[in-house]
Amino acid sequence: QVQLVESGGGLVQAGGSLRLSCAASGRTFSSDTMGWFRQAPGKEREFVAGIWWSGSSTYYADSVKGRFTISRDNGKSTVYLQMNSLKPEDTAVYYCAAKRGRYYYSNEREYDYWGQGTQVTVSS
């Protein structure tokens, strides 16, 4: 059974940093694309960043380019989202997701597995 478990959320002041982790288990993810999404109160869930488990491709939403970095540790089966220069508008529940296949998936409907989410709150 595939499990994705996020951690690392919390409360931070504007301009601060957080690193989210997503631990994946249940099968081999070497051919997957992993994505981070977020959902703010009253808004739809939106794509944040994506990475291929193998290879070096990463891609980002325009709103986080230059501030967020997605990476992975294959040995630990963990994907990270380093978030710098955080803004109050980054406040949301952040979700990790997995999709079989390597492509620039950014639509939540394309993803097969989801974590439970972790809350990120940025105060002004």
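Residues numbered from 1 in each chain as written. Predicted model: local features only at pLDDT ≥ 70, side-chain atom pairs only at ≥ 80, totals over all residues. Heavy atoms only, no water.

For strand 4 (residues 32-39), the buried fraction is high: 7 of the 8 residues fall into the buried class. Pairing geometry for strand 4 and strand 9 (residues 92-100), over 8 bridges, is antiparallel. By the bridge assignment, Met34 is partnered in strand 9 with Ala98. Bridging between strand 4 and strand 5 (residues 46-52) involves 6 bridges; their strand directions are antiparallel. (Buried < 20%, exposed > 50% of the residue type's maximum accessible area, 1.4 Å probe, protein only. Helix = DSSP H or I, 4+ residues; strand = E, 2+ residues; numbered from the N terminus. Pairing = 2+ DSSP bridges.)

Overall, the coordinates contain 1 disulfide when judged by the stated rule. Two residues, Cys22 and Cys96, share a disulfide whose sulfurs are 2.1 Å apart. Here the disulfide of Cys22 and Cys96 is left-handed, its torsion about the S-S bond being about -75°. Here Cys96 lies in strand 9 and Cys22 lies in strand 3 (residues 18-25), a separation of 74 residues in the sequence. Cys96 carries the same exposure label as Cys22, and that label is buried. (Disulfide = S-S within 2.5 Å.)

For the rest of this paragraph, the subject is the sheet that holds strand 8 (residues 78-83). The strand order across the open sheet built from 4 strands is 1-3-8-7, with neighbouring strands paired in antiparallel fashion. Lying at the two open borders of the sheet, with one neighbouring strand each, are strand 1 (3-7) and strand 7 (68-73). Pairwise comparison of adjacent strand axes, ignoring direction, gives a mean angle of 15° for this sheet. Judged from the 6 bridges that link them, strand 3 and strand 8 form a sheet pairing that is antiparallel. The residue bridging Leu20 from the neighbouring strand is Leu81, located in strand 8. (Axes fitted to C-alpha atoms, helices over the stretch in contact; angles between N-to-C directions.)

This part takes up the packing of aromatic side chains. Applying the stated rule across the entire model yields 12 aromatic pairs. Ring centres of Phe37 and Tyr111 lie 5.1 Å apart, and the angle between their planes is 80°; this geometry places the pair in the edge-to-face category. Within this pair, whereas Phe37 is found in strand 4, its partner Tyr111 is found in the loop between strand 9 and strand 10 (113-114), the two being separated by 74 residues in sequence. Here the two residues Phe37 and Tyr111 agree in accessibility, since each one is buried. A connected cluster of aromatic rings, assembled from ring pairs, spans Phe37, Phe47, Trp52, Tyr59, Tyr95, Tyr103, Tyr104, Tyr105, Tyr111 and Trp114. Against the face of Tyr95 rests Arg45, its NZ or CZ located 4.7 Å from the ring centre. (Phe/Tyr/Trp six-rings, centres within 6.5 Å; stacked < 30°, edge-to-face > 60°. Lys NZ or Arg CZ within 6 Å of the ring centre and 35° of its normal.)

Ranked by size, the top nonpolar core spans 36 residues in total, and within it Met34, Trp36, Leu81, Met83 and Tyr94 carry the most contacts. Of all the elements in the fold, those that place two or more residues in this core are strand 3, strand 4, strand 5, strand 7, strand 8, strand 9 and strand 11 (118-123). When sequence neighbours within four positions are dropped, the list of residues in contact with Leu81 reads Leu18, Arg19, Leu20, Trp36, Val48, Ala49, Phe68, Thr69, Ile70 and Tyr94. (Core = buried A, V, L, I, M, F, W, Y, C linked by side-chain atoms within 4.5 Å. Contact = heavy atoms within 4.5 Å.)

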